Amino acid sequence: MDKIIKRLMMATALLLSAPSADGQAYRNDTLRLDMDLDRRPDTIIFDKSRAIIVCKLSSQKFRETKSKVLAFDGRQTGIKKKGDGFSYTVPHMWSGYKCDFAYNKALKKIQLVGMRRYEFGPANNDASWESSVNLLTDDYTGVWNYYELEKNELIEMPAIKRKMVLPKTYLETFDDRIASQYISRCAALFEKAKAERIARRRVANFRHDFSDASGKNTVSVKVYNPCDLAAPPWDADNSSIEARLTTGKNTLHARYDNPAPEMSLIYFNHKEISVQKINGSSAILIPFYYCGNSEDHDRTVSYLIFYKGRSYTRHLAYTCTDTGCRLRQEQIAIKGLPVALGGHLVKYSNSRHKTKTSFHRD
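These numbers come from a predicted model, not from an experiment.

Going through the model one piece at a time under the given rule, you end up with 12 salt bridges. In this structure, Asp 139 and Lys 163 form a salt bridge, with 2.6 Å as the shortest nitrogen-oxygen distance. Taken together, the residues Asp 139 in strand 10 (residues 139–148) and Lys 163 in strand 12 (residues 160–163) connect sequence positions 24 residues apart. According to the relative accessible area criterion, Asp 139 is partly exposed, its value standing at 37%. Classification of Lys 163 by relative accessible area gives exposed; the value is 59%. The salt bridge partner of Asp 257 is Arg 255, with a shortest N-O separation of 2.9 Å.

Structural data, given as structure tokens:
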């Protein structure tokens with residue numbers, strides 16, 4: 001993150017100090033170095049009037065090797081020495097790239113061997129990043145950031161490391177298209193990684209194991225767009241919870257889709273999963289709640305239930321005051337449940353929800 005801030009300050013200073021678009025602004029860049037490693041100096045010129053890079057190697061009797069025509073900002077774009085070669089640098093206020101060239105002794109050509117790129121993004125630095133690709137090994141590394149609107153902060157993503165194969169490019173075939181390909185692929189990698197990261201964040205998975213007379217059992221719970229009680233958003237396009245009970249080779253499923261995710265999301269605490277014994281059989285109670293910061297007196301706890309080879313969904317509505325909470329419409333809440341399960345559910349829920357804070361709403 002600090003690197004981005006420093007680069008932004010440098011880019012701003014560079015822009016402010018750049019001369020106006022007159023004769024000096026477009027003066028050619030000239031380098032003298034031993035690029036072909038024959039111990040004699042070579043000449044590399046960035047000819048801004050012709051918009052090309054020209055190399056004159058001593059080993060080739062100073063014959064001109066020219067790039068294709070380049071599009072550039074004459075005030076800032078230039079060439080600089082890098083190792084035994086040079087970099088073609090195209091900086092802008094909010095983004096820029098560098099193309100590194102070195103001499104290929106086997107082919108006796110000046111080859112594009114690597115590219116680097118930076119992006120600051122808009123004012124909040126969303127989609128800001130730095131990346132590089134080694135064109136000799138095809139190794140790509142990108143360090144990206146994205147702005148999390150809900151948390152109001154810039155998030156640094158783990159480094160993306162991939163193989164990126166781009167066309168072999170030499171000075172005589174070099175133009176802006178190779179940089180455009182590189183930039184386009186960078187952007188695609190970022191969008192994919194960001195989408196995967198957000199998708200993982202918006203799905204919470206939980207697992208609970210227990211044993212009873214039937215053997216080992218596993219309860220798996222998945223919540224889509226779970227709510228974070230500490231901070232908004234408390235709305236989404238969808239919000240649901242699904243559970244699976246696995247006993248040996250048998251599996252039961254239960255799912256509930258929140259009908260009003262634009263109002264509140266599902267809140268779930270895996271520590272509240274409870275296995276209850278009812279007439280010698282295990283009943284798995286999976287309570288869940290709803291986000292919000294309302295001060296009203298209505299509270300709801302919902303349950304996914306597994307009991308005797310079947311699954312059920314129930315919603316128990318309570319009215320709460322400062323002195324306690326009372327279950328409303330009890331008969332409607334347990335209608336359709338086995339009698340023993342219904343009675344036990346009411347007794348269990350009432351014991352757990354005596355105060356409004358137990359509903360995780362405030």
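Still to come is the rest of the account.
To continue, consider the sheet that holds strand 2 (residues 42–47). The strand order across the open sheet formed by 4 strands is 1-2-3-4, and the pairing between neighbours is antiparallel. The open sheet has two free edges, formed respectively by strand 1 (29–33) and strand 4 (64–66), since each of these has just one partner strand. Averaged over all pairs of adjacent strands, the angle between their axes in this sheet comes to 20°, without regard to strand direction.

What follows is about the sheet that holds strand 13 (residues 203–212). The sheet built from 4 strands is open, its strands ordered 13-14-15-16 with antiparallel pairing. Since the sheet does not close on itself, it has two edges, and those belong to strand 13 and strand 16 (250–257), each with one partner. Here the average twist between neighbouring strands, direction ignored, is 15°. When strand 14 (residues 215–224) meets strand 15 (residues 240–247), the two strands line up antiparallel, connected through 8 bridges. Looking at the pairing, Lys 222 lines up with Glu 242 of strand 15.

This part is about the confidence of the model for the chain. For the chain, the average pLDDT comes to 85, and 84% of its residues sit at 70 or higher. The spread of mean pLDDT over the elements of the chain runs between helix 1 (residues 2–17), the lowest at 42, and strand 3 (residues 52–56), the highest at 97. Note that pLDDT drops below 50 for residues 1–24; the model gives that stretch 30 contacts with residues more than four away or on any other chain. Counting interchain partners and residues more than four positions distant, the pLDDT-below-50 stretch residues 123–127 has 17 contacts.

In this structure, Ile 53, Phe 86, Tyr 88 and Phe 101 are the most contacted members of the largest nonpolar core, which totals 39 residues. With 26 residues, the next largest nonpolar core counts Tyr 303, Cys 325, Leu 345 and Tyr 348 among its residues.

As a further point, take the environment of Tyr 348. Mapping Tyr 348 onto the fold places it in helix 4 (residues 339–352). Judged by its relative accessible area of 12%, Tyr 348 is buried. Through-space distance from the C-alpha of Tyr 348 to that of Gln 276 is 9.2 Å; in sequence the pair is 72 residues apart. In contact with Tyr 348, not counting residues within four places along its chain, are Glu 272, Ser 274, Gln 276, Leu 285 and Tyr 303.

Inspection of the secondary structure puts Asp 100 in strand 7 (residues 95–104). Distance from Asp 100 to Met 115, taken between C-alpha atoms, is 6.0 Å for residues 15 residues apart in sequence. Apart from residues no more than four positions distant in its own chain, Asp 100 is found in contact with Lys 82, Phe 86, Ser 87, Gln 111, Leu 112, Val 113, Gly 114 and Arg 116. Within polar-contact distance, the side chain of Asp 100 engages the side chain of Ser 87 at 2.3 Å.

Moving on, we get to empty space enclosed by the protein. Tallying each qualifying case throughout the model produces 1 cavity of 30 Å³ or more. When its volume is computed, the largest cavity comes out at roughly 30 Å³. Lining of the largest cavity is provided by Gln 111, Leu 112, Leu 135, Asp 138, Leu 166, Pro 167, Lys 168 and Thr 169. Looking at side-chain class alone, the lining of the largest cavity contains 4 nonpolar, 2 polar and 2 charged residues.

Turning our attention to helix 4. A rise of 1.5 Å per residue sets the reference length of helix 4, with its 14 residues, at 20 Å; its end C-alpha atoms lie 20 Å apart and thus fit the reference within 8%. Among the residues making up helix 4, those that are buried are Leu 341, Gly 342, Leu 345, Val 346, Tyr 348 and Ser 349. Taken together, the buried residues of helix 4 touch strand 18 (274–278), strand 19 (281–290), strand 20 (298–307), strand 21 (310–321), strand 22 (324–328) and helix 3 (330–334).

Before going further, it helps to examine the environment of Asn 250. Within the element layout of this structure, Asn 250 appears in strand 16. In the structure, Asn 250 is positioned 59 residues away from Gly 309 in sequence and 9.1 Å away in space, judged by C-alpha atoms.

Turning our eyes to something else, we now look at the pairing of strand 3. With 4 of 5 residues buried, strand 3 lies mostly within the body of the structure. Judged from the 5 bridges that link them, strand 2 and strand 3 form a sheet pairing that is antiparallel. The residue bridging Phe 46 from the neighbouring strand is Ile 53, located in strand 3. From the end of strand 2 to the start of strand 3, which pair antiparallel, there are 4 residues, and Ala 51 there has a positive phi angle of about 60°. Where strand 3 and strand 4 come together, 3 bridges link them in antiparallel fashion.

Reading the values: rules and limits
- Residues numbered from 1 in each chain as written.
- Predicted model: local features only at pLDDT ≥ 70, side-chain atom pairs only at ≥ 80, totals over all residues.
- Heavy atoms only, no water.
- Salt bridge = Lys/Arg side-chain N within 4 Å of Asp/Glu carboxyl O.
- Helix = DSSP H or I, 4+ residues; strand = E, 2+ residues; numbered from the N terminus.
- Buried < 20%, exposed > 50% of the residue type's maximum accessible area, 1.4 Å probe, protein only.
- Pairing = 2+ DSSP bridges.
- Axes fitted to C-alpha atoms, helices over the stretch in contact; angles between N-to-C directions.
- pLDDT = per-residue confidence, 0-100.
- Contact = heavy atoms within 4.5 Å.
- Core = buried A, V, L, I, M, F, W, Y, C linked by side-chain atoms within 4.5 Å.
- Polar contact = N/O pair within 3.5 Å; in protein donor to acceptor, adjacent residues only side chain to side chain.
- 1 Å grid on protein atoms, 1.4 Å probe; cavity = no way out; pocket = protein on both sides within 12 Å on 5 of 7 lines; lining within 4 Å.
- Points joined across faces, edges and corners; volume = space filled by probe spheres on them.
- Nonpolar A, V, L, I, M, F, W, Y, C, P; charged D, E, K, R; others polar.
- Expected span 1.5 Å × (residues − 1).

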